[in-house]
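# Chains, contacts and geometry: an overview
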Amino acid sequence: MLALQAKTPEALERAVPGITLSEARKIVAAVHRGEPLGRPLKEVRRSAVEAVRERALVPALEVVSEQASRVDPFVKYALRSPSAGAPGPACGTGSEGPGTPGDGHVFETVRIPLERAGRFSVCVSSQVGCALACAFCATGRMGLVRNLEAWEIVEQVRVVRAGLGRGARVHGVVFQGMGEPLANIDRVLEAVGVFCNPSALAIDARAITVCTAGIPSGIRRLAREAPKVRLAVSISSARREVRRRLMPIDKKHPLEEVLEAAGEHARITGLAPMWAVTPLTGVNDSTEEARALADLAARFSARHGARPRISVIPYNPIDPNNDPFVRVDEAGEARFRHAMRACGVMTHKRYSGGGDVQAACGQLSTRS
Ligand code: SF4
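Residues numbered from 1 in each chain as written. Predicted model: local features only at pLDDT ≥ 70, side-chain atom pairs only at ≥ 80, totals over all residues. Heavy atoms only, no water.

## Let's talk about the pairing of strand E11 (residues 230-234)
- Counting buried residues in E11 gives four out of five residues, a clear majority hidden from the surface.
- Sheet topology note: the strand E10 (residues 208-212)/E11 ladder contains four bridges and is parallel. Bridge pairing in E11 places Cys211 opposite Ala232.
- As a crossover connection, the stretch from E10 through helix H6 (residues 216-225) into E11 is right-handed.
- In the sheet, E11 pairs with strand E12 (residues 274-277) via three bridges, with the strands oriented parallel. When the sheet's bridge partners are listed, Ala232 is paired in E12 with Met274. (Buried < 20%, exposed > 50% of the residue type's maximum accessible area, 1.4 Å probe, protein only. Helix = DSSP H or I, 4+ residues; strand = E, 2+ residues; numbered from the N terminus. Pairing = 2+ DSSP bridges. Right-handed = clockwise from strand over helix to strand, strands pointing away.)

Dropping the structure here:
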């Protein structure tokens, strides 16, 4: 069965013989308004609705928990896929059909408040677990369990949206939850297509950011196939031996290769990349580290004509019993940013909220 919430009108028209694009648009719009599929729709033939009902449903994720931070307005959701073979809960279809088989795995999503009241961004997961094993990330400790399906990615935004009050809306999406999105790029691109489609979730593509640890082929594909979507690269350190220790992916795809692809992305899309760095006490927080990063940013700007926007993200503990790193204190972070500014490179400090419910950057994990 097709998962209807992961189809654009064009994809639905291709998948269901006999329906027109105009009908597909109206059906997709009804699905994203949350209407039951059986309901008659203006200017959609009954036979078209029936053809879609025979082939598609709208599988749902079970909300296992919803934890609101007590210190800021971040909310973390744990979501479970339907179990394989179990009758899948279907939402909004009026369909009694089986759900798209899943496996009962749980993954997490975070609702992030934006500055403007009533506007939110959704930090979505693209995989259950992650194979890349970055040393500062709880998800990386899980190993890869599996890729998420496109509908499971789309559904995360729909779950968050369903919990918003009147007048509030999802303004953006950031692929910075569990998993490396470019390691699941087919499904990520499918989901992005639905996020941006005016009949579906109608989110401005420029308010969508894909964050990667550095997969050059994926960066190039993202530039070609979703050229309005923004790119963020986790840099961690401009020094090879330090980066390799923190991000083992650097052995397979060295940072120079990743930045070459990021430069192409900037040329094709006209969008400067965001670079993320998390200073860790005694690891990558020194003045030399800051200068090396500033130097790398300056060389990137000169070579590619795009100045990276550098986000300094505080470290969030990932293990209450034996945490591998110590967060840099305010003074250390200020020193690091000052050293970069002294080299002519501006940074901005990213607020990373929801730490008390393990919803902050690097903390997502469903390892039991
Ligand atoms: S930071 Fe991202 S790429 Fe690295 S282990 Fe965590 S989820 Fe995977």
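## Overview of the nonpolar core
- With 99 residues, the main nonpolar core has Val157, Phe175, Phe195 and Trp275 as its most contacted residues.
- Setting aside its immediate chain neighbours within four residues, Phe175 contacts Val124, Ser126, Ile153, Pro181, Val188, Val192, Phe195, Ile208, Thr209, Val210 and Cys211.
- Counting 16 residues, the second-largest nonpolar core is a separate cluster that includes Phe136, Cys137, Leu246 and Phe325. (Core = buried A, V, L, I, M, F, W, Y, C linked by side-chain atoms within 4.5 Å. Contact = heavy atoms within 4.5 Å.)

## Observations regarding the sheet that holds strand E5 (residues 106-113)
- The strand order across the open sheet built from ten strands is E3-E4-E5-E6-E9-E10-E11-E12-E13-E14, with neighbouring strands paired in mixed fashion. Each edge of the open sheet carries a strand with a single partner, namely strand E3 (62-68) and strand E14 (347-349). Each strand axis lies, on average, 25° off the axis of its neighbour in the sheet, ignoring direction.
- Taken together, the three bridges between strand E9 (residues 169-175) and E10 define a ladder with parallel strand orientation. From the neighbouring strand, Val173 faces E10, where its bridge partner is Ile208.
- Along the sheet, helix H4 (residues 150-162) contacts E3, strand E4 (75-80), E5, strand E6 (119-123) and E9; its crossing angle with E5, the most-contacted strand, is approximately 45°.
- Here helix H10 (residues 287-304) sits on the sheet and contacts E12 and strand E13 (309-312); the angle it forms with E12, its principal contact strand, is near 170°. (Axes fitted to C-alpha atoms, helices over the stretch in contact; angles between N-to-C directions.)

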